[in-house]
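What follows is each chain in one-letter form.
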Amino acid sequence: MNRWLVIAVVLLLGLPGCMVSKSKYEASVADMESAKAELEKSRMHQEALEEQIRNLKGLNEKVSTDLETMTTEVQRIKEGRKNEHTLLETRERELDQEKEQLTSKLRVVVDQYQKVKAQNKALKETVLRYQKELKDTRESSIGSTAGVMKSSEKPDMPKTEMAPSVNSSPIVSSKPPVPKIVTPPTLPKIGGDLVNINKAPVSDLVLTLGLTREVAEEVVSNRPYRLRGELVAKNIIPKTTFDEIKDRITASP
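Residues numbered from 1 in each chain as written. Predicted model: local features only at pLDDT ≥ 70, side-chain atom pairs only at ≥ 80, totals over all residues. Heavy atoms only, no water.

1. Points about the overall build of the chain
For clarity, the threshold we go by: Each helix corresponds to a stretch of at least 4 residues labelled H or I by DSSP, and each strand to a stretch of at least 2 residues labelled E; elements are numbered beginning at the N terminus. Relative accessibility thresholds used throughout: buried, under 20% of the residue-type maximum; exposed, over 50%; partly exposed, between the two (1.4 Å probe, protein chains only). Residues count as neighbours in contact if any of their non-hydrogen atoms are within 4.5 Å of one another.
Counting secondary structure elements, the chain contains six helices and four strands. Counting helices and strands in the order they occur from the N terminus, the chain gives α-α-β-β-β-α-α-α-α-β. Residue burial in the chain is summarised as follows: out of 253 residues, 13% are buried. Taking the intrachain contacts of the chain between residues at least 6 apart in sequence as the baseline, contacts between residues at least 24 apart amount to 48%.

2. Side note on a negative patch on the surface
Put simply, the rule is: Put simply, a patch holds well-exposed residues, over 30% relative accessible area, that have no salt bridge, with like charges counted together within 9 Å and Val, Leu, Ile, Met, Phe, Trp or Tyr side chains within 5 Å. Here the Shrake-Rupley method, with its probe set to 1.4 Å, supplies the accessible areas, and only the displayed protein chains count as covering residues. We count a salt bridge whenever a side-chain nitrogen from Lys or Arg sits within 4 Å of a carboxyl oxygen from Asp or Glu. In summary, the charge assignment counts Lys and Arg as positive and Asp and Glu as negative, without counting His or the chain termini. Lysine's charge is taken at NZ, arginine's at CZ, aspartate's at CG and glutamate's at CD.
On the surface, Glu89, Glu92, Asp96 and Glu100 cluster together into a patch of negative charge. The exposure class of Glu89 is partly exposed, given its relative accessible area of 33%.

3. Here we look at the packing of helix α3 (residues 202-209) against helix α4 (residues 213-221)
Selection rule: The angle between two axes is taken between their N-to-C directions and runs from 0 to 180 degrees, where each axis is a line fitted to C-alpha atoms and a helix contributes only its stretch in contact. For this classification, under 35 degrees means roughly parallel, over 145 means roughly antiparallel, 65 to 115 means roughly perpendicular, and everything else is oblique. Left-handed describes a crossing in which the near helix is turned anticlockwise from the far one by less than a right angle; the clockwise case is right-handed. Under the scheme applied, nonpolar residues are Ala, Val, Leu, Ile, Met, Phe, Trp, Tyr, Cys and Pro; charged residues are Asp, Glu, Lys and Arg; polar residues are all the others, including Gly.
With their axes 9 Å apart at the nearest point, α3 and α4 run at an angle of 130° to one another. With respect to α4, the axis of α3 lies oblique. Considering how the two elements wind past one another, α3 and α4 form a crossing that is right-handed. When α3 is examined against α4, the residues Val202, Leu205 and Val206 are found in contact with a partner set consisting of Arg213, Ala216, Glu217, Val219 and Val220. Partitioned by chemical class, the residues of the contact of α3 with α4 number six nonpolar, no polar and two charged.

4. Overview of α3
Of the positions making up α3, those classed as buried are Val202, Leu205, Val206, Thr208 and Leu209. Immediately downstream of α3, the backbone of Gly210 shows phi near 80°, a positive value.

5. Looking at the nonpolar core
Stated precisely, the cut-off is as follows: The definition of a nonpolar core used throughout is a set of buried Ala, Val, Leu, Ile, Met, Phe, Trp, Tyr and Cys residues joined through side-chain atoms within 4.5 Å.
In this structure, Leu205, Leu209, Val219, Tyr225, Leu231 and Ile249 are the most contacted members of the largest nonpolar core, which totals 19 residues. Among the elements of the structure, α3, α4 and α6 (239-245) are those that each provide at least two residues to this core. At four residues, the largest contribution of residues to this core is made by α3. Apart from residues lying up to four places away in sequence, Tyr225 is in contact with Ile197, Asn198, Glu218, Val219, Glu230, Leu231, Lys234, Ile236 and Ala251.

6. Description of the side chain of Thr241
Tracing the backbone through its elements, the reader meets Thr241 in helix α6. The contact partners of Thr241, leaving out residues within four places of it in the chain, are Gln119 and Leu211.

7. Focus on the pattern of salt bridges
Applying the stated rule across the entire model yields nine salt bridges. Here Asp66 makes a salt bridge to Lys62, at a shortest N to O gap of 3.2 Å. On the criterion of helical spacing, the pair formed by Asp66 and Lys62 is a turn pair, its members being four residues apart in helix α2 (residues 22-152). The partner of Arg226 in a salt bridge is Glu230, with the nearest N and O atoms 3.5 Å apart. Accessibility expressed as a relative area gives 73% for Arg226, which makes it exposed. Overlapping salt bridges, with partners in common, bring together Glu40, Arg43 and Glu47 in one network.

8. Some remarks on unusual backbone geometry
In this structure, Pro224 follows Arg223 across a cis peptide bond, with omega equal to 0°. Inspection of the secondary structure puts Pro224 in the loop between α4 and α5 (230-233). Even without being a glycine, Asn235 presents a positive backbone phi close to 60°. For Asn235, the position within the fold is in the loop between α5 and α6. According to the relative accessible area criterion, Asn235 is exposed, its value standing at 65%.

9. Some points on a nonpolar patch on the surface
Taken together, the side chains of Leu56, Leu59 and Val63 present a nonpolar region at the surface, about 280 Å² in accessible area. Locating Val63 in the fold gives a position in helix α2.

10. Overview of the confidence of the model for the chain
Defined as follows: Per-residue confidence from the predictor is reported as pLDDT, which spans 0 to 100.
Per-residue confidence for the chain gives a mean pLDDT of 77, with 72% of residues at or over 70. When pLDDT is averaged over each helix and strand of the chain, the minimum, 42, is found for strand β1 (residues 159-161) and the maximum, 95, for α4. Confidence over residues 154-191 falls short of pLDDT 50; this stretch has 27 contacts with residues more than four positions distant or in other chains.

Structure follows, in structure tokens:
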């Protein structure tokens, strides 16, 4: 652009009839130099602006890339949180179900424990009652035996024999009493032979096995049995009671 300005000035000076004074010429040259310097300054400013634009474009691209990366990371975090939330909800439901199952099992165990406790208490009371009855029966039989033995002891009257001599003393002879032996009544035998659950009466089941009368009657009403374990299979007695008496019973036909 400066070259064309110089050419224009020269043409103006070379035109016929156009006489320019030296002062004007110098002023024009100074203006031209000033315009040239201003133009160079503008060019440098333009290059600086273009460099800034290029830097801003690069920064913009970097920011865009970082923004896209951050957006992707945020999306990934959101999806991870969503998946974790879903997993936590699923696990919470599973734990609630396990809790309900354990609570139900606990209730069943508590109920079974209460039943076993009640049966154990009834069994102990039955055993104590029969032990007392056996003790009373044994004491009464021993007392009756002692009374019979005392009543049967009758000493013989002493016999006196006179000697043929007057000075002889009377001789007294006695016979020892013969006691009468009385056999005591037979007591019920506990823990002896096996009890046949297909034939034993209710009294034997109560006395020998320690069952309550209600349970013994139920055992009798559900005959016949092919195996001992049918007492548990038919829900007649609990497993714990069966384990206590299984070695003392038989299911022979």
